[in-house]
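The chain contents come next:
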Amino acid sequence: NWTVTQGNLRAVSTSGYGHIHSNFGLPHYGKWYCEATTNASGDALGVMLARDTHRNTYMCNSNDTTRNVGYGYLSDGRKVTTDRTATNYGASWQATDVVIGIAFDADNGTLTFYKNGVSQGQAYSSIPVEPGKFWFFGQSNDSNTNNSDMTWNFGQKPWAYPCPVGYRSCCTENLNDTFTGSNANKPNNFFDTKLYTGTGSELAVTGFNFQPDLLWLKPSSATNDHVLVDAARGSTKRIFANSTGTESTEAESVKSFDSGGFTLGTHSSVNTSGVTHVSWAWDAGTAAATPSTDGSITPTAQWVNASAGFSITQFENVANSQTIGHGLSAEPHLIITKNVDNSENWQVYHKFVGSGQKQYLNSSSAQVSSSMWGSGPSNSVFTYDDNVTGTCIAYCWAPIFGFSHFGKYRGNASAQGLFNYCGFRPAWIAVKHHGSGGGDWQQYDMSRNSTKATVWDTFLELNDTDAQNDDGYSDLRVTANGFQAIKDGNDSNMSNSDIMYIAFAERPYKLARAL
């Protein structure tokens, strides 16, 4: 347990062992520096570089090397890492008013500690750095009897000792822009949500900053299907997220993708008179791409927006195991596929659930062990191992810092659920309890929770036809850089259960206001 004061810059442990880390996630680029000054003496003090998934009471834990990952410098002069191996490293610092500097080079994967401005040498190298996984500066209590007490400087005031050349302070101004040119820091140029009221007559829905290439529609105030259409298959070709059903053609559903929106026909699933509908849209490029030849088969149609980390791929499944080029030049963290010719489940790959598991978008069931994804996607291809032949569609997303993030957290059934750092203020979040027993795919967005700026309590379930719901125990608190579950709902915060999430940005942390 920890008490934080002085603008959350002084951290004091109130019981033996434990750790706390900053709320500024270090991106996969750049060189980052901070200082921590001791307010107590003794053997309890420790500083660290930790993953956001680090939840153990000790700095590192050999029993869970995938979740509890950290690299630390203890006040007795030793360094310690994930396998809990402590080795001699530098000078001890078991006194008050000692300034410890921490320098993390994300470009080269190295970590160096300083005592009162003197480098103790490179402590670690080959630290894994990749898009979509954040490191954090943190503090630990390495004693069962004494307390750890330190005050932190992330650059909000002058350094006590010179900052290493080329390193940045931990402030949002030092984050790179998300996207470039006229798109800089404008997530809604590539993803957006719009609400509309059905008329029962032909209806143009406008206000987007792009022409939608993947469109997901749902009556939010009434019961009906989740309708998905995309540019690779054509606007009139529908599939339903909540169903195993095959593709159907409906001329009066989505009639066209337009510059800045789309046009609807009269079909009740997308345009019931007087009913509020929600539309989610993604941009997969300005025109069809030349299909990738990186895999064992070539897609029959493909749209790619590598800048936004999103592609749509249509392909013919003809074998038990094949590879398909996704066109992103980056590893997808989320893949959603559907065999549109057969009544088959939607198949979902999520990086932090793992390549040995698959989930069904149309079901609340738990994850299923599967070899469908092989060893996982690469920067060029994904594996599709399924013995049902037919035309398939795949939606692939790679994480883009400040725009999209895919992760998982451990539920605790408390009003202070674990905080999930995204690197942006979310506009759209989906959560899924994927372990034993499973749970519904609960989806939240800013547009349907606009009167509740920080607490989102209204959600849809992607796997069923229900209207939006506020069940009283599935609330999320949204901040400038992420979110947390704040109720004890089984689908969003079940105790000791793994819950995966998908998030898209309203505004990058670089520009988001504190909430």
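Each remark here, short or long, concerns the structure printed above.
As the structure is a prediction and not an experimental result, all values here were calculated from the model. (Residues numbered from 1 in each chain as written. Predicted model: local features only at pLDDT ≥ 70, side-chain atom pairs only at ≥ 80, totals over all residues. Heavy atoms only, no water.)

Observations concerning the overall build of the protein
(1) Moving on: Summing up its helical and strand segments, the protein has 2 helices and 40 strands in all.
(2) Moving on: The C-alpha atoms of the protein give 24 Å as radius of gyration, which agrees with the globular expectation for 515 residues (24 Å, within 12%).
(3) Moving on: When its C-alpha atoms are laid out on the principal axes, the protein stretches across 75 × 50 × 45 Å.
(4) Moving on: Each of the 515 residues in the protein was classed as buried or not, and the buried ones make up 58%.
(5) Moving on: A separation of at least 24 residues holds for 65% of the contacts in the protein among residues at least 6 apart in sequence.
(6) Moving on: Surface accessibility of the protein: about 18,500 Å² in total, with carbon and sulfur atoms responsible for 43%. (Helix = DSSP H or I, 4+ residues; strand = E, 2+ residues; numbered from the N terminus. Rg over C-alpha atoms; globule rule 2.2 N^0.38 Å. Buried < 20%, exposed > 50% of the residue type's maximum accessible area, 1.4 Å probe, protein only. Contact = heavy atoms within 4.5 Å. Areas by Shrake-Rupley, 256 points an atom, 1.4 Å probe, with all protein chains shown as cover.)

Description of the sheet that holds strand 13 (residues 149-153)
(1) Moving on: Taken in spatial order, the 7 strands of this open sheet run 1-2-13-4-9-10-11, and their pairing is antiparallel. The open sheet terminates on both sides in strands that have one partner only, identified here as strand 1 (2-5) and strand 11 (118-124). Across the sheet, the mean angle from the axis of one strand to that of its neighbour is 25°, orientation sign disregarded. (Pairing = 2+ DSSP bridges. Axes fitted to C-alpha atoms, helices over the stretch in contact; angles between N-to-C directions.)

Description of the environment of Arg 78
(1) Moving on: Structurally, Arg 78 can be placed in strand 7 (residues 78-81).
(2) Moving on: We classify Arg 78 as partly exposed; its relative accessible area is 29%.
(3) Moving on: On a C-alpha basis, the gap between Arg 78 and Asn 469 in space is 52 Å, while along the polypeptide they are 391 residues apart.
(4) Moving on: Beyond its immediate stretch of four places on either side in the chain, Arg 78 contacts Gly 72, Tyr 73, Ala 86, Thr 87, Asn 88, Tyr 89 and Asp 142.

A few points about the side chain of Thr 313
(1) Moving on: You can see Thr 313 is positioned in strand 24 (residues 310-317).
(2) Moving on: A distance of 2.8 Å separates a polar atom in the side chain of Thr 313 from a polar atom in the side chain of Gln 302. (Polar contact = N/O pair within 3.5 Å; in protein donor to acceptor, adjacent residues only side chain to side chain.)

A closer look at the pattern of salt bridges
(1) Moving on: Scanning the model with the defined rule gives 17 salt bridges in all.
(2) Moving on: Ionic pairing is found between Lys 194 and Asp 192, a salt bridge with its closest N-O pair at 3.6 Å.
(3) Moving on: For Asp 192, a relative accessible area of 14% puts it in the buried group.
(4) Moving on: Residues joined in a network through salt bridges with shared partners are Glu 130, Lys 133, Glu 331 and Lys 351. (Salt bridge = Lys/Arg side-chain N within 4 Å of Asp/Glu carboxyl O.)

Some points on the packing of aromatic side chains
(1) Moving on: Following the criterion strictly, the structure yields 41 aromatic pairs and no others.
(2) Moving on: Between Phe 24 and Tyr 509 the ring centres are 6.1 Å apart and the planes differ by 50°, which places this aromatic pair in the tilted class. You can see Phe 24 sitting in the loop between strand 3 (18-21) and strand 4 (31-38) and its partner Tyr 509 sitting in the segment after strand 40 (498-508), a full 485 residues away along the chain.
(3) Moving on: When its relative accessible area of 14% is taken as the criterion, Tyr 509 is described as buried. (Phe/Tyr/Trp six-rings, centres within 6.5 Å; stacked < 30°, edge-to-face > 60°.)

With respect to the sheet that holds strand 38 (residues 476-478)
(1) Moving on: The 4 strands lie next to each other as 33-39-38-36, forming an open sheet whose pairing is antiparallel. Of all strands in the sheet, those bounded by a partner on one side alone are strand 33 (420-421) and strand 36 (455-456).
(2) Moving on: Two strands pair when backbone bridges link them, and strand 33 and strand 39 (residues 482-485) are joined in this way by 2 bridges, in the antiparallel orientation. Following the sheet pairing, Tyr 421 is matched in strand 39 by Gly 482.

Some details on the side chain of Asn 449
(1) Moving on: With respect to the secondary-structure elements, Asn 449 resides in the loop between strand 35 (442-445) and strand 36.
(2) Moving on: Taking the relative accessible area as the measure of exposure, Asn 449 reaches 1% and is therefore buried.
(3) Moving on: Reaching out from Asn 449, the side chain makes a polar contact with the backbone nitrogen of Asp 457 at a distance of 3.1 Å.
(4) Moving on: Ignoring any residue separated from it by four or fewer positions in sequence, one finds Asn 449 in contact with Trp 456, Asp 457 and Thr 458.

Some thoughts on unusual backbone geometry
(1) Moving on: One non-glycine residue, Gln 6, lies in the positive phi region at around 55°.
(2) Moving on: Along the chain, Gln 6 falls in the loop between strand 1 and strand 2 (10-13).
(3) Moving on: Within the chain, Asp 97 stands out as a residue other than glycine whose phi angle is a positive 60°.
(4) Moving on: Within the fold, Asp 97 resides in the loop between strand 8 (86-88) and strand 9 (99-105).

Some points on the nonpolar core
(1) Moving on: Judged by nonpolar contacts, the single largest core of 56 residues is most densely connected at Tyr 395 and Trp 397.
(2) Moving on: Those residues in contact with Tyr 395, other than ones at most four positions away along the chain, are Leu 214, Leu 228, Asp 230, Arg 233, Ile 239, Phe 310, Ser 311, Ile 312, Leu 334, Ile 335, Ile 336 and Trp 346.
(3) Moving on: Counting 37 residues, the second largest nonpolar core, distinct from the first, contains Leu 45, Phe 104, Ala 106 and Tyr 509. (Core = buried A, V, L, I, M, F, W, Y, C linked by side-chain atoms within 4.5 Å.)

Here's the deal with the environment of Asp 283
(1) Moving on: Of note, Asp 283 is situated in the loop between strand 22 (276-282) and strand 23 (301-305).
(2) Moving on: For the pair formed by Asp 283 and Asp 475, sequence separation is 192 residues and the distance between their alpha carbons is 29 Å.
(3) Moving on: Dropping the residues within four chain positions of it, Asp 283 is found in contact with Asn 189, Phe 190, Phe 210, Gln 211, Asp 213, Asn 305 and Phe 310.
(4) Moving on: For Asp 283, the side chain forms a polar contact with the main-chain nitrogen of Gly 285, separated by 2.9 Å.

Regarding the pairing of strand 30 (residues 381-384)
(1) Moving on: The two faces of strand 30 match: Val 381 and Thr 383 on one face and Phe 382 and Tyr 384 on the other face are all buried.
(2) Moving on: Bridge count for strand 25 (residues 322-325) against strand 30 is 4 bridges, and the pairing is antiparallel. Within strand 30, the position partnered with Gln 322 by the bridge is Tyr 384.

Section: the pairing of strand 7
(1) Moving on: Examined bridge by bridge, strand 6 (residues 70-74) and strand 7 share 3 bridges and lie antiparallel to one another. Residue pairing for strand 7: Gly 72 is matched across the bridge by Val 80.
(2) Moving on: Where strand 6 folds back onto strand 7 in an antiparallel hairpin, the turn is made up of 3 residues, including Gly 77, whose phi is positive at roughly 95°.
(3) Moving on: As paired elements, strand 7 and strand 8 share 3 bridges and run antiparallel to each other.

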